[in-house]
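# Structure at a glance
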2 protein chains.
Amino acid sequence: MTWIKVFSPATIGNIGPGFDVLGLAVKHLGDVVEARKIDKPEVVITDIQSPMTLSKNAAENTAGIAAAEVLRILKIKTGVELKIKKGMPSGSGLGSSAASACAAAYATNYVYGNQLSQEELILPATKAEEFVSGDFFADNTAPCILGGATLTRSSLPLDVTKIGSIANLCIVLVTPEIVVLTKEARDILPKQVNMRDFVFNMANSCLITAAFAKNDYSLFARSLNDKIVEPARANLIKGFYEVKQNALLAGADGMTISGSGPTVFAITDQPQKARFIEDAMLRTFQRHDIKAFSLITEVDNEGTRLVEF
Amino acid sequence: MTWIKVFSPATIGNIGPGFDVLGLAVKHLGDVVEARKIDKPEVVITDIQSPMTLSKNAAENTAGIAAAEVLRILKIKTGVELKIKKGMPSGSGLGSSAASACAAAYATNYVYGNQLSQEELILPATKAEEFVSGDFFADNTAPCILGGATLTRSSLPLDVTKIGSIANLCIVLVTPEIVVLTKEARDILPKQVNMRDFVFNMANSCLITAAFAKNDYSLFARSLNDKIVEPARANLIKGFYEVKQNALLAGADGMTISGSGPTVFAITDQPQKARFIEDAMLRTFQRHDIKAFSLITEVDNEGTRLVEF
């Protein structure tokens, strides 16, 4: 049985104001899953390369759960063997569990004749996500599978649309070594929002949508503003407002939290500025005695895909 | 001094979920303003053709106020004479006052050498709107000037973007003879919205934005859903839910309130269905002893413009 190899990109959930709605895939960071058919009717994970300890029990691993879901949908009576190589830390707000789930769903579908479309792979991958996060949300799985920026109009029934991309968008990702639990990041959110803030976040999210639909950085540059989720979650990231202020002083057009954090990201359309922004953000975390990992990246418009060995 | 003639289209504020953010210009309904320079340093309204009584005092009429604002911005020491022909009822939720203001602003700018861009005309027209509504919102003036669907990210400072159009969108407008005061329609709104409804309205508004940016009716067809403003304002329109139900039964893909009402509008991409939808809506209002005016129309992608005499 031949092995195939699939890559899934890291993703930025929410894209600022678009809580649970918008998502974006980014380059140079992601998970790789290798897969091959096996005769036994099961999903077997035989190898995981990861800095964190992850379960090889397929029923407890998002990759394993997504693969099993695809086999079930396709009514396949045999199984699949998976090897997982994590390319990013989990719990960082970059869609780590979504990436493994998407790569495994894609790989399993591929070795069994590619019967499901990319859109159809979002459902099994999101079910796997639900296992780890407790919530059925596609704001990481949708961009991870489809690439570019995506819009989840509804999770039940799943209704996802690829919006597009912005060619000259530079993204400065900084992941501080802070633990933020997704559950805690959800519990800290307000239950009610006032009318004015609702209109503000909606307007900015609509402009982000227009920016990606029209490939227009200038629209995105003025719309990365969030009055609802960022003020709550900033409390979980030590030094957040100082890092943001210094990113903006260094020339960024906006900076906010990726997904439930602790990763933050800043935007610019000028690659020469990106290094200065990155440096300012890292130094500010350092001043708070927080180590951080950083990466200058751009939109991954392809999403989950087959790669060469 | 030569007369010129300007047309401004009717507009649908909110486009369903996009309260205070989205707006849309429609064809076959609008106001006409004729204008010419005069030597006296003032705005004079010498004729109003309208089914309603409107003040010819330029300081109390949106057309007069918008014209004066334009003269002030251009630092013109002479004046302008205006004749107004109302093409739609006021207080109907179709941006009647915005249309007069936009046409007068455009006309005044035109007779004085067209120094302001279309975008720059939105500010004086919106100031005139503020006089009648008490609120500074561009969700009618922006689409009225620019045409198509527009997005107001912020009113102060004014930040407006033209999103685009949907070529095969049929709009069934029905204006029942019910009085809805804009102030009452604002006061009835909730002060707080719950998180789930905020996400719902935002997601649908983002999809409407994507639909107009991509000229894709199918996206619009599933996103005309509002859980925040419609449930409150529906109480001001007798028979609303029955009219909506019958519009949907007749084949509409959605129906909601235009601006602060009482006009409602339904959507389809099939012109042959539009007559049935219109008939169903009119008959339902009739059953409640409410007379109604109706029109089948489409997107006006031009906005405010010079017309031939």
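Here the structure is shown first, and the text comes after it.
Overlaying chain B with chain A gives an RMSD of 0.0 Å, the required rotation being 180° about an axis along which the chain moves by 0.0 Å. Seen this way, the second copy is the image of the first under a two-fold rotation axis. Of the residues that chain B buries at the interface, 98% are likewise interface residues in chain A, meaning the two copies contact each other through the same surface.

What follows is about the sheet that holds strand 10 (residues 264-268) of chain A. Residue and element names in this part refer to chain A. Strand order in the open sheet formed by 4 strands is 9-10-7-11, with antiparallel pairing between adjacent strands. Looking at strand neighbours, the two that pair on one side only are strand 9 (254-257) and strand 11 (292-297), the edges of this open sheet. If you compare each strand with its neighbour and ignore which way they point, the axes differ by 15° on average. Strand direction decides the pairing type here: strand 9 and strand 10, joined by 4 bridges, are antiparallel. Directly across from isoleucine 257, in strand 10, lies its bridge partner valine 264. Sheet strands in contact with helix 9 (residues 240-249) are strand 9 and strand 10, and its direction is about 155° off that of strand 9.

Let us now look at the side chain of B:Asn246. Residue and element names in this part refer to chain B. Mapped onto the elements of the fold, asparagine 246 is located in helix 9 (residues 240-249). Only 3.0 Å separates the side chain of asparagine 246 from the side chain of threonine 284, close enough to count as a polar contact. The contacts of asparagine 246, once residues within four sequence positions are left out, are Ala280, Thr284 and Arg287.

Attention shifts here to the pattern of salt bridges. One pass over the full model with this rule turns up 31 salt bridges over all chains. Across the pair B:Lys127 and B:Glu69 runs a salt bridge, and its minimum N-O distance is 3.6 Å. Residue B:Lys127 is located in helix 3 (residues 118-133), and its partner B:Glu69 is located in helix 1 (residues 62-74); the two are separated by 58 residues in the primary sequence. Where salt bridges share partners, they join A:Glu69, A:Arg72 and A:Lys127 into one cluster.

Moving on, we get to the interface of chain B and chain A. Between chain B and chain A, the contact holds 40 residues from the first and 39 residues from the second. Across the chain B/chain A interface, buried area totals approximately 3000 Å², and carbon plus sulfur atoms make up 70% of it. Three residues stand out in chain B for area buried against chain A, namely B:Arg153, B:Met195 and B:Met202, and they jointly supply 22% of the buried area on that side. Scanning the region where chain B abuts chain A turns up 2 salt bridges. For the salt bridge of B:Arg222 with A:Asp159, the shortest nitrogen-to-oxygen distance reads 2.6 Å.

Parameters and conventions
- Residue numbers run consecutively from 1 along every chain, following the written order of its sequence.
- Labels follow written order: the first chain is A, the first ligand is 1, and so on.
- Residue-level local features of this predicted model are given only where pLDDT is at least 70; pairs of side-chain atoms are given and counted only at 80 or more, and the full residue set underlies all totals for whole chains, interfaces and linings.
- Excluded from the side-chain calculations are hydrogens and water; all other atoms, namely the structure's heavy atoms, are used.
- Residues below a pLDDT of 70 in either copy are left out; the C-alpha atoms of the rest, at least 70 in both, set the least-squares superposition of the copies.
- Whether two residues touch is decided by their heavy atoms; if any such pair falls within 4.5 Å, the residues are in contact.
- Pairing between strands requires that DSSP locate at least two bridges from one strand to the other.
- Helix and strand definitions here come from DSSP, where helices need a minimum of 4 consecutive H or I residues and strands a minimum of 2 consecutive E residues; each element is numbered from the N-terminal end.
- A fitted line through C-alpha atoms represents every axis, and for helices the fit uses only the stretch in contact; the resulting angles, taken between N-to-C directions, go from 0 to 180 degrees.
- For the purposes of these results, a polar contact is taken to be a pair of N or O atoms within 3.5 Å, where, inside protein, one atom must be able to donate a hydrogen and its partner to accept one; residues adjacent in sequence count only when each atom of the pair is a side-chain atom.
- What makes a salt bridge here is a side-chain nitrogen of Lys or Arg within 4 Å of a carboxyl oxygen of Asp or Glu, nothing more.
- In short, buried area is how much 1.4 Å probe accessible area vanishes from two parts on joining, totalled over both.

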